[in-house]
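Structure assessment
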Amino acid sequence: VQLQASGGGLVQAGGSLRLSCADSGRTFSWYDMAWFRQAPGKEREFVAFINSSGGSTYYADSVKGRFTISRDNAKNTAYLQMNSLKPEDTAVYYCAARRGIRSGSRYSTAEYGYWGQGTLVTVSS
């Protein structure tokens with residue numbers, strides 16, 4: 001698994017962005033995918049999760065109803081659609097992958113063995 005995140009940028013509050021996470025490998029469909037984010041001076045935090053088949057999704061309370069995680073296994077890509085963005089959403093966003101057979105906490109960074117390089121999202125007020 002080799003993950004490449006993209007789609008970050010500068011947006012005004014209330015705007016939208018879509019992040020992409022592309023895998024150059026051949027086993028993307030074996031992996032659960034998640035998005036985490038890290039704001040300056042803060043720890044990396046869970047944002048959203050989607051299982052390997054795309055049938056189950058989970059969200060942090062802070063983004064529920066505004067963000068949508070999805071995946072296209074034919075394109076080896078996961079997405080994070082972010083709507084109604086707020087200044088507090090400003091962070092570097094990372095995509096991460098873990099084998100779908102793992103059963104540990106999907107909310108923990110320790111569960112994910114593969115990480116993208118991060119893409120910066122800045123929301124201005």
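Residues numbered from 1 in each chain as written. Predicted model: local features only at pLDDT ≥ 70, side-chain atom pairs only at ≥ 80, totals over all residues. Heavy atoms only, no water.

1. Some details on the sheet that holds strand 7 (residues 67–72)
Strands sit in the order 1-3-8-7 across an open sheet of 4 strands; the sheet is antiparallel. Each of the sheet's edge strands pairs with one partner strand only, and the pair in question is strand 1 (3–6) and strand 7. Recorded for the sheet is a direction-independent mean angle of 15 degrees between the axes of neighbouring strands. Here 4 bridges tie strand 1 to strand 3 (residues 17–23), and the two strands are oriented antiparallel to one another. Opposite Gln4, over in strand 3, you have Ala22 as the bridge partner. (Pairing = 2+ DSSP bridges. Helix = DSSP H or I, 4+ residues; strand = E, 2+ residues; numbered from the N terminus. Axes fitted to C-alpha atoms, helices over the stretch in contact; angles between N-to-C directions.)

2. A look at the side chain of Asp23
Its location among the elements puts Asp23 in strand 3. Of the side chains with opposite charge, Arg71 comes closest to the buried, unpaired Asp23, at an N-O distance of 7.4 Å. Side-chain polar atoms of Asp23 contact the backbone nitrogen of Gln2, separated by 3.0 Å. Beyond its immediate sequence surroundings of up to four residues, Asp23 is in contact with Val1, Gln2, Leu3, Phe28 and Asn76. (Buried < 20%, exposed > 50% of the residue type's maximum accessible area, 1.4 Å probe, protein only. Lys, Arg positive; Asp, Glu negative; His and termini not counted. Salt bridge = Lys/Arg side-chain N within 4 Å of Asp/Glu carboxyl O. Polar contact = N/O pair within 3.5 Å; in protein donor to acceptor, adjacent residues only side chain to side chain. Contact = heavy atoms within 4.5 Å.)

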